[in-house]
Amino acid sequence: MPAYSDAPLPGELDALVGMGMNRVKLALAVALAEHGGCLSTPELVAALGEGVAGTTIARNLNELENHGYVTGDVPRDDRRRRRTHWTLNHAKLHADLRALIQATTLSAESPTASG
């Protein structure tokens with residue numbers, strides 16, 4: 001039996017799998033965009049409100065960073081001692097979302113598209 005991770009995907013969509021499309025990651029991307037693309041970790045915690053634990057935010061920021069959607073200005077090893085400012089990589093996010101749109105757009109020849 002194939003594993004879940006073996007599901008076939010076009011290569012250009014693989015990064016979106018890393019994003020995970022969960023509510024926290026989406027909220028982080030939106031909060032960063034709403035504030036000019038850059039916020040510190042405490043600012044992101046405040047922007048997301050009391051309903052999201054700081055550890056959950058940190059874990060999701062690290063996952064977003066692993067896939068290139070955000071960048072921290074402090075090296076990972078130094079983040080416990082220094083405030084990290086996060087920058088949204090909107091160009092990568094938009095490119096990956098455009099790839100998803102392209103991959104899921106029905107072609108004119110598709111029987112489903114013609115009705």
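For the structure, see preceding data.
Residues numbered from 1 in each chain as written. Predicted model: local features only at pLDDT ≥ 70, side-chain atom pairs only at ≥ 80, totals over all residues. Heavy atoms only, no water.

**Describing the overall build of the protein**
Right, on to step 1. Of the regular secondary structure elements, the protein holds 6 helices and 3 strands.
Right, on to step 2. Contacts spanning at least 24 positions in sequence make up 53% of the contacts within the protein whose residues lie at least 6 apart.
Right, on to step 3. Element-wise, carbon and sulfur atoms account for 55% of the exposed surface of the protein, whose accessible area totals about 7700 Å². (Helix = DSSP H or I, 4+ residues; strand = E, 2+ residues; numbered from the N terminus. Contact = heavy atoms within 4.5 Å. Areas by Shrake-Rupley, 256 points an atom, 1.4 Å probe, with all protein chains shown as cover.)

**So, helix α4 (residues 54–66)**
For an α-helix, 3.6 residues make a turn, and residues three or four places apart therefore share a direction.
Right, on to step 1. The terminal C-alpha atoms of α4, which comprises 13 residues, lie 18 Å apart, in line with the 18 Å expected from a rise of 1.5 Å per residue.
Right, on to step 2. Among the residues of α4, those classed as buried are T56, I57, N60, L61, L64 and E65. Considered in projection along α4, the buried side chains sweep an arc of 170° and stay on one side of the axis.
Right, on to step 3. At the exit of α4 stands G68, carrying a positive phi of roughly 85°. (Expected span 1.5 Å × (residues − 1). Buried < 20%, exposed > 50% of the residue type's maximum accessible area, 1.4 Å probe, protein only. Arc of directions from axis to C-beta.)

**Details of the sheet that holds strand β2 (residues 70–72)**
Right, on to step 1. Taken together, the 3 strands give an open sheet; going across it, the order is β1-β3-β2, and neighbouring strands pair in antiparallel fashion. Two strands lie at the open edges of the sheet, namely β1 (38–40) and β2, each paired on one side alone. Looking at each pair of strands side by side, their axes are set apart by 25° on average, direction ignored.
Right, on to step 2. By the bridge criterion, 3 bridges tie β2 to strand β3 (residues 85–88) in an arrangement that is antiparallel. Bridge pairing in β3 places T71 opposite T87.
Right, on to step 3. With respect to the sheet, helix α2 (residues 23–34) is in contact with β1, β2 and β3, its orientation differing from that of β3 by roughly 90°. (Pairing = 2+ DSSP bridges. Axes fitted to C-alpha atoms, helices over the stretch in contact; angles between N-to-C directions.)

**With respect to the packing of α2 against α4**
Right, on to step 1. Relative to each other, α2 and α4 sit at 75°, their axes nearing to 10 Å. By the angle class used here, α2 and α4 are roughly perpendicular. Residue-level inspection shows V24, K25 and L28 of α2 in contact with α4, the latter providing T56, I57, N60, L61, E63 and L64.
Right, on to step 2. Here the contact of α2 with α4 is composed, by residue class, of 5 nonpolar, 2 polar and 2 charged. (Parallel < 35°, antiparallel > 145°, perpendicular 65-115°, else oblique. Nonpolar A, V, L, I, M, F, W, Y, C, P; charged D, E, K, R; others polar.)

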